[in-house]
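Residue-level listing of the chains:
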Amino acid sequence: MTLTQPDRVTDSGPASSGPDVSLDLPQVIEDRIASISEAELELRGWTRKGMRRRFLDRMERDLVSPQLGDEAPDFELELLTATGKRTGDLMGLSSLRGKPVGLIFGSYT
């Protein structure tokens, strides 16, 4: 299949619970999708339409995601000892309001 002009996919999909909007992919993404060889698509089990759908789904989720400058949602985490043992004590992010906070998500081993 040769794609001379990228298909335009704008439906938000029936399973979407986000805002009812019509999105277009940025041209740089359309160009990247169009540049993928048929062999690579087949190897990965992808289609161009499926790739567009995944990019559009991500863009739709980003519409309701926290943005730069938004207030962080409050949450609580268990405090650990200096050696990494659980203490049973909880600390909420809101208790640190006004203080610099660095958050590291993921494994820190």
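Residues numbered from 1 in each chain as written. Predicted model: local features only at pLDDT ≥ 70, side-chain atom pairs only at ≥ 80, totals over all residues. Heavy atoms only, no water.

## A look at the pairing of strand S2 (residues 86-92)
In this sheet, S2 lies alongside strand S1 (residues 76-80) in antiparallel orientation, the contact comprising 4 bridges. Looking at S2, one finds that glutamate 76 is bridged to glycine 92. Where S1 folds back onto S2 in an antiparallel hairpin, the turn is made up of 5 residues, including glycine 84, whose phi is positive at roughly 90°. (Pairing = 2+ DSSP bridges. Helix = DSSP H or I, 4+ residues; strand = E, 2+ residues; numbered from the N terminus.)

## A closer look at helix H3 (residues 48-63)
Relative to the 22 Å expected for 16 residues at 1.5 Å per residue, H3 spans 23 Å between its end C-alpha atoms, a close match to the ideal helical length. Lining the buried residues of H3 we find helix H1 (27-35) and helix H2 (38-44). (Expected span 1.5 Å × (residues − 1). Contact = heavy atoms within 4.5 Å.)

## What to know about the pattern of salt bridges
Under the defined criterion, the tally for this structure stands at 7 salt bridges. Across the pair arginine 58 and aspartate 62 runs a salt bridge, and its minimum N-O distance is 3.2 Å. Taken together, the residues arginine 58 and aspartate 62, both in helix H3 and 4 residues apart, mark about one turn of the helix. The exposure class assigned to arginine 58 is partly exposed, which follows from its relative accessible area of 49%. Note that glutamate 78 and arginine 86 form a salt bridge whose closest N and O atoms lie 2.7 Å from each other. Owing to a relative accessible area of 25%, glutamate 78 belongs among the partly exposed residues under this scheme. For arginine 86, a relative accessible area of 67% gives the class exposed. (Salt bridge = Lys/Arg side-chain N within 4 Å of Asp/Glu carboxyl O. Buried < 20%, exposed > 50% of the residue type's maximum accessible area, 1.4 Å probe, protein only.)

## Some thoughts on the confidence of the model for the protein chain
For the protein chain, per-residue confidence averages 80 on the pLDDT scale, and 79% of positions sit at 70 or higher. Here H3 stands out as the element of the protein chain with the lowest mean pLDDT, 92, in contrast to S2, whose mean of 96 is the highest. Across residues 1-19 the pLDDT falls below 50, and counting only partners more than four positions away or on other chains, this stretch makes 27 contacts in the model. (pLDDT = per-residue confidence, 0-100.)

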